[in-house]
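Structural overview
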Amino acid sequence: MADALSAAPRAASSASAIIAASPGPADQAASASPRLVVEEVSPHVDGGDFAVRRVVGETVTVEATVYTDGHEQLAVHLLWRAVDEDEWHRVPMAALPTDRWTADFTLERLGRHEFLVEGWLDVFGGFRRDFRKKLDAGVAQPVDFMEGRGFVTAAAKSASGKALAAWPAKLEASGDDMAGAALLLSDELAGLMAAADQRPFVLRSPRQLLDAERIAARFSSWYELFPRSITPDAGRHGTFDDVVTRLPQIRDMGFDTLYFPPIHPIGRTNRKGPNNTLIAGPDDPGSPYAIGAAEGGHDAVHPDLGGFEAFARLVEAARAHGLEIALDFAIQCSPDHPWLTDHPGWFAWRPDGSMKYAENPPKKYQDIVNVDFYGPDAVPGLWVALRDVVLLWVEHGVKTFRVDNPHTKPLPFWEWMIADVRAQHPDVIFLAEAFTRPTMMYRLAKVGFSQSYTYFTWRDGKQELTDYITELTTTAPQEFYRPHFFVNTPDINPVFLQTSGRPGFRIRAVLAATLSGLFGVYSGFELCEADPVPGKEEYNDSEKYIVKPRDWNAPGNIIQDIAMLNRIRRQYPALQTHLNTKFFVAGDDNIIWYGKPDPDGAGMICVMVNMDPHEGHDCAFQVPLWEFGLDDNASIAVEDLAEGYRFNWYGKDQTIRIEPDQPYRIWRLTAGNLA
């Protein structure tokens, strides 16, 4: 072994010796490798594979880690543009500790954007830094002046240095005294040198994507109703014109989006009767999710609703009341849907010529069949047809779509379809109704969904709700996942509401409305409807299968609570996002206590909720004086936004008792203006 080692070539003593001993392509590649490092760019989603989500008018703060060897000075810029622009906008980034750099840009238009970070050696900037230090220390030498003039002379000879043409002579004439130093350090010269900079060793980060959407993608209040139920008589099918009569009350509750389940013709084959029974009577309306009949499919309106002319009247009337219409985009068909006859290759048929109905065990949907996205004729025919359905409704004034069960359809379809629609109509919003695994829910948001249903419906304990909000606001989903807090849906009658009475409805309303910028209510919630199918999270006499008239002013309603919540949501930008939520110390496991700072730092909305609808609770809690830079004994002004009175808190430690008959408090804290 010793002989073998002694016979081996002796290792080169340096990298330059290695290159000299065996020059080749690998050596050239090594010397051409980036000298700078640009990494950890934020915000980002999966390294840039998917788009960060923001809204128009929002300021985007970008950070990156940028460094190089030695003590060289760097210049670092942020570059951004809309994807249909040729030229980049750029702004210098400011240095932070530990090699981090930061800069902001503001989104001025809808649509897809891209941004990146660019860094290079700032040679002249480094000279100015060191020259100033030498001057201050009294150790500058003539050669330092010569070095600076040399940089300027070289830059003046470059293609981009024409504006520097007179500077070499000017510097030479100024000499090696204070006049020459002042010229070399002047801001004017620094600006001209920056414009002429050849940017040695320049390096760009990978491109990051960003989607700029309208504010309603982040902040909106939804109200869901079945148009056919807007009637005083269960024997008469409601119409779009009937819905127009409901618009003032929906507006007065403070909602801005009115959402309908499918409004298309409903199939007859295997039509469901009341409470999901398998046999429907001749007058039973069926489930609106069994889409398609002789009258048409996804591109048609149920004839009893009044047709497209009535729909147009409704859209216009809603707009006049400050409401926009959202529709359900449900990709399923009744066995009577025209597509089964016209496009059999869009479906998967059994060997006996039949088709399996849809199911999600233990639930069965005998009145529905599913399309096959990869059937014999489905690509691209089915994909294009579904996209064109969305575009058709966009033409009829619909810019918001709630998508039914998107997690059961291919992700590549959603990524393609949403991108294609939004390339033509960047103001279109898609809400994913996917109650499934977190990985799939997050992936749907990444591929393009603007908003997402969440687990909020089942988070009714203090710690689990705190943990969930913390996950959404402090981990990766904060950049792409916008949680829509629906308090109930036609499919979900939460167990908490089934047993909590009116206090429970008020508790869930205030939590949803103040924790997220996106808040949704299915009609009947304001009336505290909660009659369940025994042992299930389903409504007895479910509206999915019947026409269900209501007394919209029935005693015991919480309409005033909802109207107040929506009013303060509009008034205070702090309540228009989930990302600013901060949880504070409250000494009872039933009392949740959190704050949401104003964007400008002027104040903070603070919310305290007794999450127990049956018992009152005493609680010691901490007023977040530290958030205002105040000491523990300071005073702070408080306004009760629900009740409308003002008072002062003195000191950090306070106590309270909250009863179920008034289960929440909403305060606005401001420093400096005591009541």
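Residues numbered from 1 in each chain as written. Predicted model: local features only at pLDDT ≥ 70, side-chain atom pairs only at ≥ 80, totals over all residues. Heavy atoms only, no water.

With that out of the way, let us pick up the state of the cysteines. In this structure the tally under the stated criterion is zero disulfides. Left unpaired, C619 is separated from the closest cysteine sulfur, that of C606, by 13 Å. Given the relative accessible area of 3%, C619 is considered buried. (Disulfide = S-S within 2.5 Å. Buried < 20%, exposed > 50% of the residue type's maximum accessible area, 1.4 Å probe, protein only.)

Here the focus is the sheet that holds strand β7 (residues 100-106). Overall, antiparallel pairing links the four strands, which are arranged β1-β3-β7-β6 in an open sheet. Unpaired on one side and paired on the other, β1 (37-42) and β6 (94-95) mark the two borders of the sheet. In this structure, β6 lies alongside β7, joined through two bridges in antiparallel fashion. What sits directly across from A94, in β7, is T102. (Pairing = 2+ DSSP bridges. Helix = DSSP H or I, 4+ residues; strand = E, 2+ residues; numbered from the N terminus.)

What follows covers the nonpolar core. Side chains of a nonpolar character, in soluble globular proteins, are inclined to be buried together. Judged by nonpolar contacts, the single largest core of 135 residues is most densely connected at W414 and L511. In this structure L511 touches F456, L465, I592, Y594, V609 and M611, once residues within four positions along its chain are discounted. Ranked by size, the runner-up nonpolar core spans 20 residues in total, among them F628, A634, W649 and I658. (Core = buried A, V, L, I, M, F, W, Y, C linked by side-chain atoms within 4.5 Å. Contact = heavy atoms within 4.5 Å.)

Here we take up the packing of aromatic side chains. Inspection of every chain in the model, using the stated rule, returns 46 aromatic pairs. Ring centres of W383 and F413 lie 5.4 Å apart, and the angle between their planes is 90°; this geometry places the pair in the edge-to-face category. Highlighted residues: W383 in helix α12 (residues 381-395) and F413 in helix α13 (residues 411-424), separated in sequence by 30 residues. Accessibility expressed as a relative area gives 11% for W383, which makes it buried. (Phe/Tyr/Trp six-rings, centres within 6.5 Å; stacked < 30°, edge-to-face > 60°.)

Here we take up the environment of P412. With respect to the secondary-structure elements, P412 resides in helix α13. Under the relative-accessibility criterion, P412 is labelled partly exposed at 46%. Measuring from C-alpha to C-alpha, the distance between P412 and H44 comes to 21 Å, with 368 residues separating the pair along the chain. Filtering out sequence-adjacent residues up to four positions away, P412 remains in contact with Y374 and W383.

A word on the UniProt feature "domain: Glycosyl hydrolase family 13 catalytic" (unreviewed entry) in the protein chain. Per the UniProt record, "domain: Glycosyl hydrolase family 13 catalytic" (unreviewed entry) is found at residues 220-569. For residues 220-569, the end-to-end C-alpha separation is 9 Å, with 33% helix and 14% strand making up the annotated structure. (UniProt positions renumbered as here; feature names shortened; annotations may be inferred.)

Once that is clear, we can look at the UniProt feature "binding site: alpha-maltose 1-phosphate" (unreviewed entry) in the protein chain. Per the UniProt record, the feature "binding site: alpha-maltose 1-phosphate" (unreviewed entry) sits at K272, Q332, D367, N405, K544 and Y545. By secondary structure assignment, the location of K272 is in the loop between β12 (257-260) and α10 (307-320). For K272, a relative accessible area of 1% gives the class buried. Not counting residues within four places of it along the chain, the set of residues in contact with K272 comprises T277, L278, A280, G286, K364, Y365, Q366, D367 and Y545. Only 3.4 Å separates the side chain of K272 from the backbone oxygen of K364, close enough to count as a polar contact. Here K544 is to be found in the loop between β20 (518-522) and α17 (559-571). Excluding anything up to four places from it in sequence, K544 contacts F226, R228, G286, S287, P288, P490 and D491. (Polar contact = N/O pair within 3.5 Å; in protein donor to acceptor, adjacent residues only side chain to side chain.)

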